[in-house]
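# Remarks on the overall topology
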Amino acid sequence: MSAVGIVILVIECVALFALAVIYVGGYITYRMAFYNNPKKNKVDPYTYIKDNDDPRNLFSKGLIDRILKIPDKDIYTESYDGLRLRGRLYMVDENAPFAIQFHGYKSTPMIDFSGGGEFVMNMGVNVIMVDQRASGESEGRTVSFGYHESSDVLSWVEYVSNNYGKDRKILLFGVSMGAATVIIATGRGLPKNVVGVCADCPCSSTREIVTKVIYDMKLPGKLLYPLVRVGAMLYGKFDPDAAEAKRIVRTSSVPVLLIHGEGDDFVPCDMSRDIAAASSLVELHTFPEAPHGLSFVYDTDRYKDIAKEFCERCLKD
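Summarised in this report is the structure supplied together with it. (Residues numbered from 1 in each chain as written. Predicted model: local features only at pLDDT ≥ 70, side-chain atom pairs only at ≥ 80, totals over all residues. Heavy atoms only, no water.)

### A short note on the overall build of the protein chain
As a reminder, the rule being used: Counting from the N terminus, the helices are the DSSP runs of H or I reaching at least four residues and the strands are the DSSP runs of E reaching at least two. The rule is simple: take the accessible area with a 1.4 Å probe, protein chains only, and divide by the maximum for that residue type; under 20% is buried, over 50% is exposed, in between is partly exposed. By the convention used here, residues are in contact when the closest approach between their heavy atoms is within 4.5 Å.
Within the protein chain, the secondary structure is distributed over 12 helices and eight strands. The C-alpha extent of the protein chain, read off along each of the three principal axes, is 80 × 45 × 40 Å. Of all 317 residues assigned to the protein chain, the portion counted as buried reaches 51%. Within the protein chain, counting contacts between residues at least 6 apart in sequence, those at least 24 apart form 73% of the total.

### Things to note about helix α6 (residues 177-185)
Within α6, nine of the nine residues are buried, which leaves the element mostly enclosed by the surrounding structure. Within the span of α6, buried status applies to Met177, Gly178, Ala179, Ala180, Thr181, Val182, Ile183, Ile184 and Ala185.

### Considering the pattern of salt bridges
How we decide: By definition here, a salt bridge exists when the distance from a side-chain nitrogen of Lys or Arg to a carboxyl oxygen of Asp or Glu is within 4 Å.
Inspection of the entire model under this criterion finds 17 salt bridges. With a shortest N-O distance of 2.6 Å, Lys212 and Asp216 are connected by a salt bridge. With Lys212 and Asp216 both in helix α7 (residues 206-216) and four residues apart, the pair spans about one turn of that helix. According to the relative accessible area criterion, Lys212 is buried, its value standing at 16%. Of the residues examined, Asp216 reaches a relative accessible area of 46% and is grouped as partly exposed. Put simply, Asp239 and Arg229 hold a salt bridge, and the shortest N to O gap is 2.8 Å.

Shape descriptors only; they carry no functional weight alone.
As C-alpha cells, then:
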C-alpha cells in the first residue's frame, strides 16, 4: 500500500472512530439526561420526604395527604407531535378562571403542587395539574427541559379555551423544569386569555443547568456539553440550546412572577435573577435559606401573600 493510501486509511479510521464516539456517547448522554419511561419509573409522591419528625417534613407530608383526598377528574389532550397527555382537573366553579400547573424534571404534580394546587383552589380558581410528557400517565420518552413541553402548554391552553371559552382567563404555574417550561411557552404565541405566569425556581437555560450538573458530577461540563447536545438532537429530536428562558422572556408580553429559594444548590437563585434582569414584566421574590422548590414550605404565609397578590392583579387586569 502506498503512503497516500495509508494516510487515507488512517483518516478514515479516525473519522469512523469519531462518528462512533458521537453516536454512542450521544446515546449514553441522552439516556442519562433526557430519557424517561414513566411506566417503569413510577414516582411515589412521598419520595423526597425524609422519615423523621422534622416539622417541615411533616408539613410537606400533610400537604400531599390533603391533595390526594381532593376529588379530581382525569382529562386528556394531544400534543403537537401526537402524544396523549394526561391532566387532573379540580373544578371549583364552572365560571371561574383556570390555573394550569406543570411539574419539574421526572417529578409529579402531587410532589410539586401539593401545596400550590390547594392554595389556588382556595382562591376560587379551577386547577389542571398536568403530567408532563414522559412522566406520570402521559405518553413520551424524552424529557426536553421545556423545549417540547412548552408546546404542550399550548395544547393545554387550547383544551381550556375549547371546552370553557376562548375568553376564560388562564394562569400558568411551574416548578423547576416546569417553571422554565411556562416561561419558554410565553415565546410560543400564547393567546390573550393567558394573563400571568408563576414560575418557582426555573433554570435560565438548559445549557447552563446541564453544564452545572456535569460539573457537580466532578466532570468537565464545558467539554462534555457538546456531546450532550448532540445526543439530545440525534435521539430526542430537540436542541437544548433553544430552551433558554432568559432569552425568550425578553419578547414576552405576559407578566411573570419568579420565586426562588436562596438556599437552592441545584438550580442557583442567580438563574432567576438573570431571567428577571431580562424583562421589566418579570418580578422576583427570593426566600432566604429555602432549598430547591421548597420556598412554599419554608415561608408559607409570605409565599401565599406574594402569589395571591400577583394572581389577583393579573386576573383583574
